[in-house]
Amino acid sequence: MKKEITIKIKQKYINKYKEGYPLLTKESIVNLQDLEREGIIVKLVDDKNRFVAKGYYGRQNKGYGWVLSRKENEIIDIKFFEKKIIEALNKRTPFYNNPSTTAFRIFNGEGDGIGGLTIDNFDGYYLINWYSKGIYKFRDEIINSLKKLVGFKAIYQKKRFNIDGKYVEEDGFILGTRGQFPVIVKENDVNFAVYFDEGAMVGVFLDQREVRRTIRDKYAKGRTVLNTFSYTGAFSVFSALGGAAKTTSVDLANRSLSKTIEQFSINNIDYEAHDIIVEDVFSYFKYAQKKGLKYDMVILDPPSFAKSKKYIFSVEKDYKNLLKEAIAITEENGIIVASTNSSSFNMKKFKGYIKDAFSEMNSKYNIIEEYTLPSDFKTINEYEKGNYLKVIFIKI
Ligand code: SAH
């Protein structure tokens, strides 16, 4: 049995927790000093010591832990974790039954009832992400439950709980038969090369699945496509498969060149018919403007924060300018796909940046499609920040 302590919640936050808010925040706790070590079970009570919820203490940059249950006599043991994973798996049945897509998320943190934990399935290679030392204390319960409930080739993990939520470098193999990387997975019949041994990113961001499909099926045909912050070139590959006239991928990381060649190649596309450029996106925009280059579709998918030699990009401060750069080199009647994974602002504010960018450029636009997280990235209404992805298709 894990140690359980009582944590008093300030009265003004009580209703929030009663209504289902899942994140334990520093400012809501009266007796912070009692949080002695991560992984302890915390019983949240109001000022009259009445039970509100129970959860665990675990430090992430988001907060101090997560609510696990609103039932006073529910015990947080292996049965509890098993039940949560079963519920999550039941919601993914359509994914398990779809041979065209073999990579998807089976457990999405607080959306599935346990904040700080995600589990992805890459064609039988399961990858657990632990986002705090606190949740990692429950590893035996969680790994044993998963082992019992899914047919796996192997189970891997990533610990993402050193400073700033960054990934701790190590081989994350736990059990099963070690994979030969890259493992090739499928998404709507397109191949992806996935690596578990290269840091926090594995080669594909599963949350953009519907956006990639939409680009391929509805917008790519005959268009020239500029894919910025392209990483492994996922959007370029889907554009090419959708009949794009040509794609140009721009990313400043050296690895992006070989990774993008690989993604094209495993999908039998001649990468030499496309441009893959290792450069700072902002320098590329300048170059394109000077040369008078224009594109029929420009894809913007920046990280929330990035530092290059020349610029510091922070999404809240700079998205509007990024859009203005894109507007300047998009053809009339062209499309801009504006994406962000930042949880620090919502869709409304994002649309505000778009509005401001177009008005400063004296340009008109229509929003033609909007996407948030796909169904395997389950979210709950009580935690808006959990639904971080925002993608808007804009027609100029
Ligand atoms: N759009 C990608 C994911 C982007 S991840 C996909 O769908 O898979 C963010 C990428 O931005 C990283 O590969 C990083 O190298 C790149 N990056 C960060 N700052 C950049 C900059 N100033 N110019 C170009 N690329 C940048």
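As the structure is a prediction and not an experimental result, all values here were calculated from the model. (Residues numbered from 1 in each chain as written. Predicted model: local features only at pLDDT ≥ 70, side-chain atom pairs only at ≥ 80, totals over all residues. Heavy atoms only, no water.)

**What about the overall build of the protein chain?**
So, step 1. Counting secondary structure elements, the protein chain contains 11 helices and 21 strands.
So, step 2. Taking 2.2 N^0.38 as the reference for a compact globule, 396 residues should give roughly 21 Å; the C-alpha atoms of the protein chain span a radius of gyration of 22 Å, in line with that estimate.
So, step 3. Dimensions of the protein chain, computed from C-alpha atoms along their principal axes, come out at roughly 70 × 50 × 40 Å.
So, step 4. Counting all 396 residues of the protein chain, 55% fall into the buried class. (Helix = DSSP H or I, 4+ residues; strand = E, 2+ residues; numbered from the N terminus. Rg over C-alpha atoms; globule rule 2.2 N^0.38 Å. Buried < 20%, exposed > 50% of the residue type's maximum accessible area, 1.4 Å probe, protein only.)

**As for the packing of helix 2 (residues 78-91) against helix 5 (residues 139-149)**
So, step 1. Where helix 2 contacts helix 5, the two axes come as close as 9 Å, and the packing angle between them is 45 degrees. Of the possible angle classes, the one that applies to helix 2 and helix 5 is oblique. For helix 2 against helix 5, the interelement crossing comes out right-handed. In contact with I78, F81, E82, I85, I86 and L89 of helix 2, helix 5 contributes E141, I142, N144, S145, L146, K148 and L149. (Axes fitted to C-alpha atoms, helices over the stretch in contact; angles between N-to-C directions. Parallel < 35°, antiparallel > 145°, perpendicular 65-115°, else oblique. Left-handed = near helix turned anticlockwise from the far one by under 90°. Contact = heavy atoms within 4.5 Å.)

**Some words on the pattern of salt bridges**
So, step 1. Here the structure, examined in full by the defined rule, presents 17 salt bridges.
So, step 2. Taking the shortest distance from any N to any O, the salt bridge between K148 and E82 comes out at 3.0 Å. Taken together, the residues K148 in helix 5 and E82 in helix 2 connect sequence positions 66 residues apart.
So, step 3. Connected via shared salt-bridge partners are K320, K324 and E360. (Salt bridge = Lys/Arg side-chain N within 4 Å of Asp/Glu carboxyl O.)

**Some details on the nonpolar core**
Generally speaking, nonpolar side chains in soluble globular proteins are found buried as a group.
So, step 1. Residues Y17, L44, L117 and W130 are the most contacted members of the largest nonpolar core, which totals 49 residues.
So, step 2. Broken down by element, the residue count for this core peaks at five residues, all from helix 2.
So, step 3. With residues near it in sequence (within four places) discarded, Y17 still touches I9, L23, L24, T25, S28, L44, V52, V67 and R70.
So, step 4. By size, the runner-up hydrophobic cluster in this structure holds 40 residues, among which are Y125, V194, V225 and F264. (Core = buried A, V, L, I, M, F, W, Y, C linked by side-chain atoms within 4.5 Å.)

**Section: the environment of L23**
So, step 1. With respect to the secondary-structure elements, L23 resides in strand 2 (residues 23-24).
So, step 2. For L23 and G63, which are 40 residues apart along the polypeptide, the C-alpha to C-alpha distance reads 6.6 Å.
So, step 3. In contact with L23, other than residues within four places in its own chain, are Y17, K62, G63, G65, W66 and Y383.

**Some words on the sheet that holds strand 5 (residues 65-69)**
So, step 1. With respect to topology, five strands assemble into an open sheet ordered 1-3-4-5-2, the strand pairing being mixed. Edge positions in the sheet fall to strand 1 (4-8) and strand 2, since each of these pairs with one other strand and no more.
So, step 2. The pairing of strand 4 (residues 51-57) with strand 5 spans four bridges and is antiparallel. By the bridge assignment for strand 5, K54 is matched with S69. (Pairing = 2+ DSSP bridges.)

**Comments concerning the sheet that holds strand 7 (residues 117-122)**
So, step 1. In spatial order, the strands read 6-7-8-9-10; together these five strands make up an open sheet with mixed pairing. Here the strands that pair on one side only, and so sit at the sheet edges, are strand 6 (103-108) and strand 10 (173-176). Each strand of the sheet is rotated relative to its neighbour by a mean of 20 degrees, with strand direction disregarded.
So, step 2. Pairing of strand 8 (residues 125-130) with strand 9 (residues 154-159) involves six bridges; the strand directions are parallel. Bridge pairing links L127 to Y156 in strand 9.

**Some points on the site of the ligand**
So, step 1. Around the ligand, the structure places 15 residues, and the nearest of them are F229, D251, L252, V281 and D301.
So, step 2. With respect to the ligand, the side chain of D251 contributes an N or O atom lying 2.6 Å from an oxygen atom.
So, step 3. Measuring from a nitrogen atom of the ligand, one finds a backbone N or O atom of V281 at 2.9 Å.
So, step 4. About the coverage of the ligand: the protein hides 91% of its 580 Å² of free accessible area.
So, step 5. Class assignment of the residues belonging to the shell around the ligand gives a composition of nine nonpolar, one polar and five charged. (Near = heavy atom within 4 Å. Polar contact = N/O pair within 3.5 Å; in protein donor to acceptor, adjacent residues only side chain to side chain. Areas by Shrake-Rupley, 256 points an atom, 1.4 Å probe, with all protein chains shown as cover. Nonpolar A, V, L, I, M, F, W, Y, C, P; charged D, E, K, R; others polar.)

**Quick look at helix 10 (residues 315-328)**
So, step 1. Its 14 residues place the ends of helix 10 19 Å apart at the C-alpha level, agreeing with the 20 Å of an ideal helix rising 1.5 Å per residue.
So, step 2. Those residues of helix 10 lying buried are V315, D318, Y319, L322, L323, A326 and I327.
So, step 3. The secondary structure elements touched by the buried residues of helix 10 are helix 9 (281-291), strand 16 (295-300), strand 18 (312-314), strand 19 (330-340), helix 11 (347-360) and strand 21 (390-395). (Expected span 1.5 Å × (residues − 1).)

**A word on unusual backbone geometry**
So, step 1. A cis amide bond links F181 with the next residue in sequence, P182, at an omega value of 5 degrees.
So, step 2. Residue placement: P182 occurs in the loop between strand 10 and strand 11 (183-187).
So, step 3. For D123, which is not glycine, the phi dihedral falls at a positive 50 degrees.
So, step 4. Summarising the element assignment, D123 is placed in the loop between strand 7 and strand 8.
So, step 5. The class for D123 is partly exposed, based on a relative accessible area of 28%.
So, step 6. Even without being glycine, N362 reaches a positive phi, approximately 50 degrees.

**Quick word on the packing of helix 10 against helix 11**
So, step 1. Where helix 10 meets helix 11, the closest approach of the two axes is 9 Å, and the angle between their N-to-C directions is 45 degrees. Here helix 10 is positioned oblique relative to helix 11, judged by the angle of their axes. Classified by chirality, the crossing of helix 11 by helix 10 is right-handed. Of helix 11, the residues touching helix 10 (which contributes E316, Y319, K320, L323, K324 and I327) are K349, F350, Y353, I354, D356, A357, F358 and E360.
So, step 2. Looking at the contact of helix 10 with helix 11 residue by residue, the classes come out as eight nonpolar, no polar and six charged.

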